[in-house]
Amino acid sequence: MQGPVVCVNTEPLWKFDYGPAHPLKMWRLKLTQELQRLYGLLEQATIVEPRPATEEEVLVFHDPDYLTALAELDDGVWKPNAVRYGLGTPDCPVMVGVYTASMLIAGASAQAAELVANRQASIAFNMAGGLHHAMPSYAWGFCYINDPVVAIHKLLQQFNRIAYIDIDAHHGDGVQVAFYGDPRVLTISLHENGRYLFPGTGFEHEMGEGEGRGFALNIPFLPNAGDDVYLRVLDEIVAPALEAFQPKAIVTQLGADALHDDPITHWNLTTFSYLRAVQLFKELKVPWVALGGGGYNIANVCRAWTLVLAEMLGNPVPDHVPDEWRKIAQPYGVLLYRLRDAQPTSSPPSVRADIDRVIQWLKEHHPLLSNRSNLGG
Ligand SMILES: [Zn+2]
């Protein structure tokens, strides 16, 4: 891999606000970026300013009438037309600058894809991105414009085999929908079982359709899953699938909401799982667009994405959080003293038994993993 690690500056996004009761906090980006700066990581990366997406870039996935409706709500004033597009709900509120912010996030992810495609970066990280739920004609799950899909389309102009790997606690449903019939894009999602968590999809039997059959891979985990089952899935399912597919570029969604003590999910992962996943992506040694995603325990977001950036740069950072950061985070009520968790976690027997079943099923039935491979082309 050639080129530096590039980070998109998230500061232009800090001012947008989903509202005080909404769990997605834009200031998570501010606190994380400040922590990365205090560790000296931003000096080792190349920082670029985000640019807005063009309409053409987002219309590869979104419907023109949805985009028009979203643009009309940029003043933050609700209009009756919003309802049919899933806008103005508790999850996807109509906030001031909703269109401006969404287009800026999507543009930043498109830009990240351009940088790795042109070999100007080995890895490009847009922490503000990863809004994986947005659907073609409606807003969904805190997401208005699907920036991972925009980034993947950009990479498809240069590469014919792209893997999208999503480690957010929630199923990457919008990205799966975009490429369900497309053999050029393998979508892999590790998430909490849809019977227990939004968006209710992502079961192991969802494997793609038509020419895209075998190019969607879903691994659902029961609530309270710990590092033991997660590390097994990385080794036994994710790594072999990537080995079989041989991607020429990757897009990863690194949502931090699968770490323990997230207020809206039910996982028990530590930084052991999170860092192992990131190491696996790095070891592929292909152009890499890294995106953020969910994360509602803000201390977890800050430490996860700081550790991720350190890993990308190949520069381990000390565990002890710099004292100066505490002053920055205190007004937000965020406490954090150490970056890494001390020990890996294990799962209850019922969770282990269920993941045994899922692994076995996938090894027998998934075209990328089963010996009797029936992949076309
Ligand atoms: Zn999530």
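Counting of residues starts from 1 at the beginning of each chain's written sequence and follows it residue by residue. pLDDT decides what is reported in this predicted model: residues at 70 or higher carry local features, side-chain atom pairs at 80 or more are listed and counted, and totals for whole chains, interfaces and linings draw on all residues regardless. Side-chain measures here rest on the full set of heavy atoms in the structure, leaving out hydrogens and waters.

A. Spotlight on the packing of aromatic side chains. Under the pairing criterion, centres of Phe, Tyr and Trp rings, with the six-membered ring standing for Trp, must be within 6.5 Å; the plane angle then separates stacked pairs below 30 degrees from edge-to-face pairs above 60, leaving the rest tilted. Within the structure shown, the criterion is met by eleven aromatic pairs. By the ring-pair criterion, three or more aromatic residues cluster together here, those being Tyr138, Trp140 and Phe198.

B. Quick peek at unusual backbone geometry. In the segment running from phenylalanine 198 into proline 199, the intervening peptide bond is cis, with an omega of 0 degrees. In this structure, proline 199 sits in the loop between β5 (185–192) and β6 (216–221). The backbone phi angle of phenylalanine 142 is positive, close to 70 degrees, even though this residue is not glycine. Mapped onto the elements, phenylalanine 142 comes out in the loop between β3 (123–126) and α6 (147–156). The buried category is assigned to phenylalanine 142, whose relative accessible area is 10%. The backbone phi angle of lysine 285 is positive, close to 55 degrees, even though this residue is not glycine. A helix here means a DSSP run of H or I that spans at least four residues, while a strand means a run of E at least two residues long, and both kinds are numbered starting from the N terminus. Looking at the element boundaries, lysine 285 is found in the loop between α9 (271–283) and β8 (288–291). On the basis of relative accessibility, which here comes to 59%, the residue lysine 285 falls in the exposed class. Relative accessibility under 20% of the residue-type maximum defines a buried residue, over 50% an exposed one, and the middle range a partly exposed one, all with a 1.4 Å probe and only protein chains included.

C. Spotlight on the side chain of threonine 270. Take threonine 270: it is sitting in the loop between β7 (249–253) and α9. Two N or O atoms form a polar contact when they lie within 3.5 Å of each other; inside protein one atom must be a possible hydrogen donor and the other a possible acceptor, and for residues adjacent in sequence the pair counts only when both atoms belong to side chains. Only 3.0 Å separates the side chain of threonine 270 from the backbone nitrogen of phenylalanine 272, close enough to count as a polar contact. By definition in these notes, contact holds between two residues if any of their heavy atoms fall within 4.5 Å. With residues up to four places along the chain from it excluded, the contact list for threonine 270 reads Asp227, Leu259, His260, Asp341, Gln343, Pro344 and Thr345.

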